[in-house]
Amino acid sequence: MKLFSSFLLVFAFLLSSVASFAQTAKPKAKGPATETLQLKTSAVCDMCKARLEKALAYEKGVQAALLDVPSQMLTVTYRPDKTTPAALRAAVQETGYDADDQTANARAYSQLPDCCKKTNATH
């Protein structure tokens, strides 16, 4: 009889300890999963396209980035809970390109290949 009561006591203890470790899921905030931002850039060629799309792929919260070279419009799909439009503009500037009315980082611009510079006469 003591063995049964000891077994019952141990079982109750294990059950209560497992229940105490159970986690409750936090409800996710309702809202748009992604947003889209369009930026006018100073990109002029396909190398610019590859450079910008790759740079933005490494930015936190960016789902997709696509540059239309003829119109120089960069379309970025991002998660607003992870990043902001200002941070995305700054990322474009740090890559060496203008973002809307904000000019590129001078040091990053100077490191661009000659064909990617907006002052190049061949474009």
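In the nomenclature of an unreviewed UniProt entry, the protein is known as Heavy-metal-associated domain-containing protein of Hymenobacter sublimis.

Undergrad: When you look at the environment of K49 in this model, what are you seeing that I'm missing?
TA: Counting through the fold element by element, K49 comes out in helix α2 (residues 46-57). Counting along the chain gives 20 residues from K49 to V69, while the straight-line C-alpha distance between them is 6.8 Å. If sequence neighbours within four positions are ignored, K49 has contacts with L66, L67 and V69. One polar contact links the side chain of K49 to the main-chain carbonyl oxygen of L67, over a distance of 2.9 Å.

Undergrad: I would appreciate a short explanation of the nonpolar core in the present structure.
TA: Side chains that are nonpolar tend, in soluble globular proteins, to be buried together. Within the largest apolar cluster, 23 residues are counted, with the highest numbers of intra-cluster contacts made by L56, L74, V76, L88, V92 and Y97. Those elements that provide at least two residues to this core are β1 (35-40), α2, β2 (62-68), β3 (73-78) and α3 (85-95). With residues up to four places along the chain from it excluded, the contact list for V92 reads L39, T41, L52, L56, L74, Y97, D98 and A99.

Cut-offs applied
- Residues numbered from 1 in each chain as written.
- Predicted model: local features only at pLDDT ≥ 70, side-chain atom pairs only at ≥ 80, totals over all residues.
- Heavy atoms only, no water.
- Helix = DSSP H or I, 4+ residues; strand = E, 2+ residues; numbered from the N terminus.
- Contact = heavy atoms within 4.5 Å.
- Polar contact = N/O pair within 3.5 Å; in protein donor to acceptor, adjacent residues only side chain to side chain.
- Core = buried A, V, L, I, M, F, W, Y, C linked by side-chain atoms within 4.5 Å.
- Buried < 20%, exposed > 50% of the residue type's maximum accessible area, 1.4 Å probe, protein only.

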